[in-house]
Amino acid sequence: MTTTEISNTQNNNTVSNLKTAAGEYLTFVLGNEQYGIEILKVQEIRGYDAVTQIANMPAFIKGVVNLRGKIVPIVDLRIKFNLGKVEYNEFTVVIILNLNGRIVGIVVDGVSDVRELREEHLREVPSLVTRIDTKYIVGLATIEQEMLILVDIEKLMTSDEMELMDTVVH
């Protein structure tokens with residue numbers, strides 16, 4: 001394949017990824033940015049409670065909670081994405097996700113809304129736009145004056161470093 005063919009293949013993959021990204025998203029705040037994850041991955045939203053810390057875990061894995069008899073690892077996305085000072089207040093929530101039967105919680109600054117995103121709202125991610133690794137980003141969505149960063153939460157939660165959580169739970 002030539003460089004042009006590779007580039008065209010990558011662009012076609014990005015366009016098809018954006019087309020399949022249309023749908024409903026739970027939007028939430030991390031720092032000063034709005035993010036979105038597929039609503040079908042969300043099991044429930046809870047207020048932030050104390051977690052049981054596990055020794056020798058990375059800082060972004062806050063610990064575990066007992067959710068109706070299931071041990072659920074809790075990941076603070078603010079720490080994972082290096083978003084600076086982390087404060088826990090009355091708006092801090094945990095979004096409980098069901099990722100193909102694997103239950104995990106993510107700590108965010110607050111939940112905003114559920115938004116219906118159509119193909120015309122979706123844009124590719126320019127390189128170096130965010131502080132997080134763009135391989136976890138599906139794209140950007142623009143609605144009116146708002147911009148959302150759409151996160152592939154399943155890809156993020158199944159990355160190599162997240163596999164440490166499996167050792168905690170099992």
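Quick note: structure is the one above.
Here we summarise the structure given alongside this text. Once a new chain begins, its residue numbering starts again from 1 and follows that chain's sequence as written. The predicted origin of the model limits local features to residues at a pLDDT of at least 70 and limits the giving and counting of side-chain atom pairs to 80 or more, whereas totals for whole chains, interfaces and linings rest on all residues. Hydrogens and water molecules were not included; the side-chain quantities draw on all heavy atoms of the structure.

## Topic: the sheet that holds strand S3 (residues 42–47)
Thought 1: Spatial strand order, S3-S6-S7-S5-S4: five strands in an open sheet with mixed pairing. Unpaired on one side and paired on the other, S3 and strand S4 (61–67) mark the two borders of the sheet. The sheet shows a mean angle of 30° between the axes of neighbouring strands, direction not considered.
Thought 2: Relative to strand S5 (residues 70–76), S4 runs antiparallel, the two sharing six bridges. When the sheet's bridge partners are listed, leucine 67 is paired in S5 with lysine 70. At least two bridges found by DSSP between two strands is the condition for calling them paired. Numbered from the N terminus, helices here are DSSP runs of H or I no shorter than four residues, and strands are runs of E no shorter than two. Under this scheme, a helix contributes an axis fitted over its contacting stretch, all axes are lines through C-alpha atoms, and angles between N-to-C directions fall in the 0 to 180 degree range.

## Observations regarding empty space enclosed by the protein
Where empty space is left in the structure can be found by rolling a water-sized probe over the atoms.
Thought 1: Every definition here rests on a 1 Å grid over the protein atoms only: cavities are sets of points where a 1.4 Å probe fits but cannot get out, pockets are open sets enclosed by protein on both sides within 12 Å along at least five of seven lines, and lining residues have some atom within 4 Å of a point. Grid points are joined across faces, edges and corners, and a volume is the space filled by probe spheres set on the points. Summed over the entire model, instances satisfying the criterion amount to one cavity of 30 Å³ or more.
Thought 2: Around the largest cavity, the lining residues are Arg46, Gly47, Asp49, Val51, Val65, Ile74, Val94 and Ile96.
Thought 3: Elements represented by at least two residues in the lining of the largest cavity include exactly S3 and strand S6 (93–99).
Thought 4: By residue class, the composition of the lining of the largest cavity is five nonpolar, one polar and two charged. Asp, Glu, Lys and Arg are counted as charged, while Ala, Val, Leu, Ile, Met, Phe, Trp, Tyr, Cys and Pro are counted as nonpolar; the rest, among them Gly, fall into the polar class.

## What to know about the sheet that holds strand S8 (residues 110–117)
Thought 1: Pairing is mixed across the open sheet formed by six strands, whose spatial order is S8-S1-S2-S11-S10-S9. With one partner strand each, in any of the chains shown, S8 and strand S9 (122–123) form the two edges of the open sheet.
Thought 2: With six bridges joining them, strand S10 (residues 137–143) and strand S11 (residues 146–151) adopt antiparallel strand pairing. Counterpart to glycine 139 in the pairing with S11 is leucine 150.

## A closer look at unusual backbone geometry
Thought 1: The backbone phi angle of asparagine 56 is positive, close to 60°, even though this residue is not glycine.
Thought 2: Its location among the elements puts asparagine 56 in the loop between S3 and S4.
Thought 3: Owing to a relative accessible area of 78%, asparagine 56 belongs among the exposed residues under this scheme.
Thought 4: Phi angles above zero are rare outside glycine, and arginine 68 is one such case at about 50°.
Thought 5: The topology assignment puts arginine 68 in the loop between S4 and S5. Partly exposed describes any residue whose relative accessible area lies between the buried limit of under 20% and the exposed limit of over 50%, with all areas from a 1.4 Å probe on protein chains only and scaled to the type maximum.

## Side note on the nonpolar core
Thought 1: Here, nonpolar core means buried Ala, Val, Leu, Ile, Met, Phe, Trp, Tyr and Cys residues that are tied together by side-chain atoms lying within 4.5 Å of each other. Counting residues in each nonpolar core, the largest one holds 27 residues, and the members touching the most others are Ile37, Leu77, Ile95, Leu97, Ile106, Ile153 and Met157.
Thought 2: Contributing elements (two or more residues each) for this core: strand S1 (23–30), strand S2 (33–38), S6, strand S7 (102–108), S10, S11 and helix H3 (153–157).
Thought 3: With four residues, S6 is the largest single contributor of residues to this core.
Thought 4: Contacts between residues were defined by any pair of non-hydrogen atoms, one from each residue, lying within 4.5 Å. Beyond its immediate chain neighbours, meaning those up to four positions away, isoleucine 153 contacts Ile37, Lys41, Leu77, Leu97, Leu99 and Ile106.

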